[in-house]
Each structure stands twice: as structure tokens, then as C-alpha cells.
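Spelled out, the chains give:
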Amino acid sequence: MENTPTVDQAAAAQEQISLSVLKKRWLKFKSIKRGYYAFIILITAYIISFFLPLLINNRALVVKYEGEIWFPVFQGYIAGSTFGEDVPGEANYRELKVKFKSEKGNWVIMPPYPYGPYEDVTTAGNKMYEEPGRGHWFGTDNTGRDVFSRLLYGFNISLSFAILFTIASYLIGVSIGAMMGYFGGKFDLITQRFIEIWATLPFLFVMIIISSIVRPNFFLLIVILTLFGWIGMTYYMRAEFYREKTKDYVAAAISMGQTHKKIIFKHILPNSLVPIITYFPFAVIGGIGSLVGLDFLGFGLPPPTPSWGQMVSVGLQNMVKWWMVLAPLGALFTTLLLIVFIGEAIREAFDPRVYSRLR
Amino acid sequence: MREKLFEIKGLKTYFNIGGQTAKAVDGVDFDIYKGEILGVVGESGSGKSVSLLSLIQLIPNPPGEVTDGEITFNGENIFNGDELKRIKAVPQYRFFNKLDVSKRTGVAFLFMVAWLVLHLVLPISGFIPFLISMLLMTGVTWYLFFNSPRKRHERSFREKMYTRMRQIRGSEIAMIFQEPMTSLNPVYTIGMQIIEAIKPKSFGEMVKDRIIDLAASFRNTRWVNKVRASVIAAVLFIFFGQLGTGWSFQFTQLISQALWGAALPLVLGYLMVGLDKLIPKEYHEEYVDLQRQGIKLLDQVGIPSPETRLKDYPHQFSGGMRQRVMIAMALAKKPSLLIADEPTTALDVTIQAQILELMKEIKDQREDAAIVLITHDLAVIAETCERVIVMYGGKIQEVAEVKELFDNPLHPYTKGLLGSIPTPELQKKARLQAIRGMVPNILNLPEGCKFCTRCDVKIDKCDSVDPPLMEVTPGHLVRCHLVIDEMLEQQNAPVSVSE
Amino acid sequence: MSDKQKLVDVKNLKVHFPLFGGVLSRRVATVKAVDGISFSIKRKETIGLVGESGCGKTTVGRALVAILRQLYPDVEIDGSITYNFNGKSVDFARLKPRELRKYRSKVQMIFQDPFASLNPRMTVAQIISEPLQLHTKMNDSEMKDRVGWLLDKVGLQPEQAYRYPHEFSGGQRQRVGIARALATNPDLIICDEPVSALDVSIQAQVINLMMDLQEEFGMSYLFIAHDLSVVEHIADRIAVMYLGNVVEFGESSTVYYDPRHPYSKALLSAVPRPDPHRQRESRIVLEGDVPTPLNKPSGCGFRTRCPLAEKSCAEEIPVLEEHALEHWVACPIVKEKNAG
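Residues numbered from 1 in each chain as written. Chains lettered and ligands numbered in written order. Predicted model: local features only at pLDDT ≥ 70, side-chain atom pairs only at ≥ 80, totals over all residues. Heavy atoms only, no water.

Concerning the interface of chain C and chain B
Put simply, an interface is often sized by how much accessible area is lost when its parts join up. Taken residue by residue, the interface counts 44 residues in chain C and 42 residues in chain B. Both sides of the chain C and chain B interface together cover about 3,800 Å² of buried area, and 55% of this is carbon and sulfur. Of all residues in chain C, the largest losses of buried area upon contact with chain B belong to C:Val200, C:His233 and C:Pro274, amounting jointly to 17% of the total for that side. Here C:Asp212 ties to B:Arg431 by a salt bridge, and the two come within 2.3 Å at their closest N and O atoms. Our count for the chain C to chain B interface comes out at 11 residue pairs in polar contact (both at pLDDT 80 or more). Elements that contribute at least two residues to the side of chain C that touches chain B include exactly helix H7 (200–217), helix H8 (228–234), helix H9 (252–257) and helix H10 (262–270) of chain C. Looking at the side of chain C that touches chain B element by element, the count peaks at 10 residues for H7(C). (Contact = heavy atoms within 4.5 Å. Buried area = accessible area lost by both parts, 1.4 Å probe. Salt bridge = Lys/Arg side-chain N within 4 Å of Asp/Glu carboxyl O. Polar contact = N/O pair within 3.5 Å; in protein donor to acceptor, adjacent residues only side chain to side chain. Helix = DSSP H or I, 4+ residues; strand = E, 2+ residues; numbered from the N terminus.)

Rendered as C-alpha cells:
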């Protein structure tokens, strides 16, 4: 029995209405401004990044040509000859727009930023190593691709990759760790030995071998990374389940005759969420980092997928073109910093102490 | 009348919890006499531990603060709340005291922006003038908005008090806590910790002690074991030396490695002996004397074979033994006050009996020392103490000699506590006289008498007026309207009121 | 005592926890937490189980609700725990978990730590209705009524049902724990130190509540505690345990006022009483500490601290013998002395 008043008492005095523990933590998270705003910014940016084809694209949103309306963004490849262009291949909508200005009845509506991530020097009008300016905000790279649009498309890919990878590895890690902690005994022993062996597999060599056999794509990469990434969570969950299992509420549930499944998922798991939630942002950072690393080394996503690692690698080969180095590194830094802020705030929100450095 | 060791008047300790003030101790007056065992009893949140911790200024600040009161130790005033109040009466900042904290930063920011704009508008050019102007701006802003002479005074006041209190704590006051394992350092032997408690050592002295220990153990080692150590070291040297030279197995190399290895333990041992010789004889004698004192202390608290146990680590002791070690360490300084905060709560009944017995023995041995026993268990109080303070809601509710309190409890809370314990006189399976309701939240204590929310005999004014602590019979003080009213009716004489 | 009255009969119960160590996790030692104890509980009766920490009293309680196997998969349980539910006798020590589930509702448990025994992520209503969902076929509104009724019975307001445990004080949480145990109308409630974590004034309330509920619903209690004065007050019979064995068993007032076994005598004299006039000279202060159940002394477990110990004590484990009517003591030396 403590004599000094605890946080709970203080919080209970403030909150007259019943709030579950998670709701309270959410309120505390909201009160940590830096992390909360970083969360808002990142979530908004991520949601917007799904609509990038409408905002940043070399394909026009709407084209009216000879009384007919086209939606190239949704329709995909449309040959230039359809709109009366004499160049072979896909229509160049930026040139079309200039051309249609003088023609009555024909018009083009381009996205706000009319450069796509895939078009390179083969498209008329694109130059290599163009400096940042009015047209290309962050310049162009060694193949004449627009750096700004690749950066933003890369943001979506990196974050989606990292989140999917984290969720996948957590699903495996949490369930195996939970079973190890809950059942203990022989199962725990055997799984632990297996994990020890599995953890000694050299990840990079396996990666190089696999990518020399099959060309990795987005989902294959996630699967491979997950195969190596699930181990970390098992340690936390195993310890957490071992600790929670000895608490009396589990004994109470067993004495009622509750099933193993219900005890694991209804009783213990909700009380073991702390490591899952607090490590999530940092695991996302790890995911982004590994994707960038793999891309940098050339074992990641196949070109011309816009990826930050590949951009950094190309930038380092052309160090004098400063925008090619600074842009991807800056984007990486900003994103990781925002996630670190979120992670920090989450950890703070789950910390039972009252006095904190943040805020 | 016995001599007073401590005199506490109107002690107040407030905690700041999320913007709310918890009055953990709210105006507590009591004295500690020399040579008594004083019991402080109360439930969780009653402020019993906090008031004793405030007495020796061990409240973590922030969140807690001893805001008011007066503490006198052996006639010397240590803490004076009036002085603190006088310091606090001065406005917090030098200027603009009406601004609150959040507005203050805003205004300061605006001031800095204005300065910057002014600097840019005025035709001052050059980087060095700009730098000087910026430094000046920082200084002026701090002086105008954040300079607080009061804070400085407050800090120096506390620093002075803490320094004095640390001296007193170091020599006169000892504490025993509920969980002995957390108060003992697991990486040092009991002997080292006890000697440290008898005489705090500097780093140099600790090194000297280690040298003395090592030299002594080297001298006491048999030759067979010395040879064994040499052989092991030689083999290790050969192994690692060969590892380093790529398994060349050259004869001269092997010989030199073996010799180096064999020599090393002996060289180290004789180095220790040599260093030991360098240490002055007086220091040796002092060290031996300290060890003897440590053994004597362990013997005093009833630890069997103290010479050998001195070399053991805390985890090798059981819970009761660890508590004994804690008591031995507390006694090392020959304190005049021993504060025991729930010393037996974590222990078993038979071990609790041993420890309580030991505390009474200590009291008999050292006549002018006082012991304060903080506990929630009235039975422990009845067994051990001479005088009892009953606390509830951060205030003292009743003070009396132990027999008086148990025979003639006056406060309804004390009566309730006594009724809550099953006694042999009570008929079996009869309902206990429980106190209804629950302990009020410390942030939300009632306005008047702190006990009024649970009291069965309360009258109207209990809700609004907090009764004073009044002496009913000599040495028996109660804080209850009913008792006071009854007493005033009986004798219309003036009574001493202390509040 | 006729067998019909008996609710549960524990015969020669042994609970051993093997300890594993080394790289290959071989068995290195055995903790004999409970080492062959026998007692029985009658209907509507309260049995007090007292002893110091590490004597195995909690393990006995957990064995009686049959949760040991699920908590510690390696545990070895021997002996029998025969329950008698409406004329049907069931041995909890042998039943498989699936078969046990049917009888779980009949034996419930109240825990020591009111902060750990309630799932912090569930509301009080969810906590109390969980056993109802498992063992009854009530629909939602019936369940809601039942939860409100139970909360009322344990002295809480039904409006508090939708709050979370952290909003309650220790005493209120313990009341929620009692309501959960009560939900399925059990025949036996194991109370594992239900009041030792509570404040003194709250202890009395909870004890009163438990006595009232027994009066009303007529279930039996196994009251595990180290506070002897409370146990004496609430229990009909008391069993004193030391290092996994019962050393004395009998009517509570007999054991309390006329203890025969040297350990019970020492334990009772060590208990502090709220009476400052009591003569203190008669107190027996035991030397040393309780040995760990890992390396029990041979023969009588108490002989290392016993003032009466003789050579013969090391040879065999003493069994409970009836020294007086309904008063069993496990000490042959005391018997000799009384006879001689």
C-alpha cells in the first residue's frame, strides 16, 4: 500500500466518466503535442499519397478531343496517334495541352504537377540532370526522370511496405511468442531452439541468393523480410505472456473453465499490447530502413519502381548534382523523424509515470 | 517530563498531481521524546509515512513540497515555515507579475520579434553588431520576463536546510524500510555495507580497504593453491600466446609464455602485500577495529556466526535476516532516532515476532534513543509501543499512551479501528464493528472533519468545521467535536488548544 | 461425521513441482509444496488454513480448484480430491480438463491481490458475467439482471457495472471478486488471503460481507490466511500447515486456545494481539527461518526449529493422530508427554 497518491488516483479524480485504459492512453498521447502533430501530418500525407496519380502525373486527367472525352489517368496507355500526334508511343499530354490551346473545342486538364515518376529522357522535352526550377521542382535525374514525383511515389511505397511488413511480422511474432509464453514447457523449449538457429541465418546472403534466382517484387520482398523479421517480437511477447500468466486474473479465468483460446486472446493479449504498440513505430522505421538498404544495394524492388534507396544510390554516383542526393535523403530524414516523434509520444503515453520530459 | 528530541508544529506537505493539490500531510503537531517507542498508525493514504519523511526532509521535490510548519531538533530550529512563507510572499517575477506562464512566453516571444524588427529597421549594419544585439536581446528578455529573485531565495533557503538535515540524518537519524532487499546493494558484501554505514569512506580509502583484504587473503592462501593458480595462469598464457602467434610452438616462446604466466599471480599477490605494507599502521588498526564493530553490530541484532556472514552478499540472507542487517546498519551510527516504516509487513508472523523483540531490546540497550514505528497494524502497536499517534486524512486524530488508547479510545475512528479487529472476547462469527464506506480520495478530502464521511456519530458541524486537536486528559489528545463538546460541558474552564 | 455431509474429502494430497536446469533441461530438484495432506470440508462449513509463507497453503487452494495443471504443466499431483456434488462424487485430481469444465462452476476462488485478480481491460459487468456465459444459458437481459443483483448483494451499486477495475478502491475490487465467485452459486469458495492486502477498516467490512453471504447462500469456505485472529473468528475448524504438511487440525477454538503442536504454539504466541496488557514473557520466539521446501529436513519438517526435537524426529514423518476429540496433531513427542 502506497502512501503517496498515485497517478491512477489523480486520473480517477479527474475523469468522472469511465474510460478504458486504452482510451486514457489515447488522451495522454493527444496531450503530447509533438508526437500528436507528427501523427496527424504523417497520416494525412499517407492518405493523400494514395491519390498521387490524380495530383502528380504525366497523364492528363481529362482530354476533350474532337467532341470525345478521354480519362487517360484511369484508362492508362493511349497512343499519341489517337489525339493526332505524329510521334509513336504514348501521347505526350503536356505538349498536347500547348497544341490544343490554339485549337477550338479541344482541351486538356493536367494534374497540378504534370510530371510522372516513370517518364524518362525518351519522352520529348525531358532532359537529364535538369536543375531544380519552376518546371521540375527537385530537378531531374540521370535518366531525365522527375525527382519530386519519384520522391512522393516512393514515400507511399516505402511506408506501405514498412507497415505491411511490420504487421505481417507482428502477426507471426505475436502468435508464436504468445504460445511460447502461455504453454511454456516443451513447446517453449523447442521453439526457442528453433528461433536461435533461424536467427543465425545470414539474412543478406539469403537475400542475394534469392534475388539472383527470382526478380523480387513488392510482396515477395515483404514475405522474405517477414521470414527474418518476426523473431524480435517473440521475445517480448513470450516474456509478457510469462508475466501476465502468473497474474491472478488468469488463474480466475482458468478456475471458471475458460478455454485456452479465450484466455490468450480475451484476457492476456489485451494486457500485453504495450510492447506491440510501443515498438510498432520503431519497427516501421526498421522496415523503411531495410527497404532503402536493399534498394541501395540493388537487391530490392525492380527498376523503374520509384524507391528511395535506388534514388540515393544514383545520387551518390552523381554527387555533384546535389539535388539528387539531398532530395531523397531529406525525405528519408523527415519521414523517419516524424515516426520517431510518434514513437516517442506513444512510449510516453504508455509510461505510468506522471512527470515527463516531453510536453 | 521527558526531554523532547523532536518538536513538530503545523507540518504541511502538499503534492502537486496533475495540477491538483493533494494535502498528504495537513498540519501535524507532535513531539518525539527521548527514549520512547512512538507508534504511528493509519491506513494507506493517511499520511503516516509522508509526515515522517517530511520530518527528515526526504520528500521528492517536485512533486511534493513541505510547505509549512516548524521542526525543532534538540532545541535547534531546522525548518521554519514562516521564513518560507515570507520568501513566498514576494511576487514571483521581477516585472509583469500579472502575466501567467503561457502568456509570459508569448509576450516574451513578441518582445524578441519586436527587437529583431527594430534592429532590422534601424540602419545598423555588420555581423558583429547583429550578434551583440542578439545577445543583448536574450539577456534583456530573460531579465524582464523570467528573472525571479524569489526562486533564488527559495533555493538557497532549501539548500541550507537540506545541508543541515543531511548532517543530522547522517549522524542522528536512521531509517528501516518495509522491503529490505531494495535497500541493500546486491553487489557488495554485507561487511562492506556495514562498515560504510559506520564510517562513510572516500574512494581512496575504499581502494586501501580492498588492498588490505586482498593482501590478507593472499597471505592466508596455502602454497599448494598458489602453485595451482600459477599453473592455470601459465597454461592460459601459453594458449592465448600461441593463439596470437599463430600456433608456432617455438620452444623459447613456450618457455617465456609459461614463465610469464606462472609469475603473474605471484607478482600480483606480492604487489598487494607490498602495497599493504605501504599503508600506515594506524589505518590497518582502524580497519580491523571497524570490522570488529561490524561483527559486534551483527551479533547485537542476533545474526549467528557474524564473522563469516560478514563476507556474504545480501541475496544469501533470508528476509528476516536482511531486515536484521538493515537494523544493524541503522544502529551503526548510534542514532538518536530510528524510524521504522512498516518493518515487519513483508515478513512472516514468527519472523515478525523476532524483529519486534529485537527492537524492544535495542530500546532497552540505548536509553536516550527514540524509535518511531510506522504501521497499519494496531496489534503490532499494542505489542511494541509506548505512545501512539492515530492518523487519518493527513491529520492526527488521536494521541495517547498505548494502554490509555486501547482501554479508552475517544475518537470514533480509533474505536472503529479497534472494532475491526476480531478479539477473543468477541463471540464467534459475530459481525465485526466495521467502519462503513471507504478511505476518501486524497485529492478530495471533506471540508470539515476528515472522518465525517464515514463517522456514525457525526453532528452537523462536523461537515464544515474541522475540530482542533485538544488535550482531554494529560497526554491524551483527540480531534473530535463530540468529545470536545462533552468536555467543555463538563468543565467550563479554559483549555489548552493547539492547532 | 457422515459422508453425506462432506463436500470435499482430500486424501493424502501431494503436489510436487519439478525444477529443471542445465542445457538439456534435466530435472534437478523437486519442490515438495504439498507433501501428503488429508482433510475434509463439510457443507456450510468454514475451514481455516494457516501457516507462514512457503508452507504450501496457496498450493492447496489452487489444487482444490484444479487450476495447477493448467498454470504449471509440469506439476505432479498425487492423492485424491473427492467432491460430492448432489450425491455424485468427482475426483478433481484425476479428471481431464474437458470433464472438469462441467464442475468448475461449483468451486470458485477469491484471490489475495485485488489489483491483479481482475482483468484491467474488462468492465465489472464483463468480469462478473464471464462465469455466467460459460456455465449458464442466460440471455443478455437475464445476465444484466443477475449482474446487478450480484453487485447489490456484495454492497456495490448496479450503476457501477460499466466501470473499469482501476476506478475502484482495493476493498471495492475485492467485492467485485467476491461477486464473480458468487455468480454461479458455488458449493465451495476458496478464499486465498482475501483481506490481507486491504486496509484494516476495509478488512472488517469484507469479513462481515463474507459471513453474511455464507449465512444467506450456505456455501463452504476454505479460508487461507496468515492472520490467525481473523481465521479464528471466521473458521469452524483450523488446519495449521508447516512445510507442506498439516501439523494440527481441529475445532478453531481448540486449536486457538489449546494448541498442542510446538509449531502451532509458537505461531500463536508470535501473533501480535491488540492488547497492551498482555503478558509478554510467555511468548515463544522461534529461532531461525523456515527451511525452503526445496531441501526439507528429513522426518519432521519442523525439527530444525523445534524446542522439543529429539533424535527420533529425523527418522520418519509424523502422521496426524487424534490427541483429543476432533483434534489431530502430528507430533508423537507431544502425545508421549501428554500420556506420561
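Quick notes on the interface of chain A and chain C
Between chain A and chain C, the contact holds 31 residues from the first and 34 residues from the second. For the pairing of chain A and chain C, the buried interface totals around 3,000 Å² over both sides, and the portion due to carbon and sulfur atoms is 54%. One can count one salt bridge joining chain A with chain C. The shortest N-O distance in the salt bridge between A:Asp248 and C:Arg62 comes to 3.1 Å.

A look at the confidence of the model for chain A
Detailed reading of the predicted model is not advised wherever pLDDT is low. Residue and element names in this part refer to chain A. When pLDDT is averaged across chain A, the result is 85; 92% of the residues are at 70 or more. Scored below 50 in pLDDT, residues 1–16 makes 34 contacts in the model with residues more than four places away or belonging to other chains. Every residue in residues 355–359 scores below 50 in pLDDT, and together they form 11 contacts with partners more than four places removed in sequence or on other chains. (pLDDT = per-residue confidence, 0-100.)

Notes on the packing of helix H11 (residues 231–245) of chain A against helix H14 (residues 273–297) of chain A
Residues and elements named next belong to chain A. Interhelical geometry of H11 versus H14 gives an angle of 155° and a closest axis separation of 9 Å. Of the possible angle classes, the one that applies to H11 and H14 is roughly antiparallel. Where H11 crosses over H14, the handedness of that crossing is right-handed. On H14, the residues touching Met233, Tyr236, Met237 and Glu240 of H11 are Pro275, Ile276 and Tyr279. Residues that form the contact of H11 with H14 fall into these classes: six nonpolar, no polar and one charged. (Axes fitted to C-alpha atoms, helices over the stretch in contact; angles between N-to-C directions. Parallel < 35°, antiparallel > 145°, perpendicular 65-115°, else oblique. Left-handed = near helix turned anticlockwise from the far one by under 90°. Nonpolar A, V, L, I, M, F, W, Y, C, P; charged D, E, K, R; others polar.)

Details of a nonpolar patch on the surface
All names here are of chain A. Taken together, the side chains of Ile43, Ile47, Ile48, Phe50, Phe51, Leu54, Leu55, Ile69, Phe71 and Phe74 make up a nonpolar region of the molecular surface, amounting to roughly 950 Å² of accessible area. Elements supplying a minimum of two residues to the nonpolar patch: helix H3 (33–49) and helix H4 (52–55). When you line up the elements, Ile47 lands in helix H3. Relative accessible area serves as the criterion here: at 47%, Ile47 is assigned to the partly exposed category. (Patch = residues over 30% accessible without salt bridge, like charges linked within 9 Å, V, L, I, M, F, W, Y side chains within 5 Å. Areas by Shrake-Rupley, 256 points an atom, 1.4 Å probe, with all protein chains shown as cover. Buried < 20%, exposed > 50% of the residue type's maximum accessible area, 1.4 Å probe, protein only.)

Considerations on the domain arrangement of chain A
Along its sequence, chain A is organised into domain 1 (58–110) and domain 2 (148–349). On a C-alpha basis, the centres of domain 1 of chain A and domain 2 of chain A stand 44 Å from each other. (Domains from an automatic or database assignment.)

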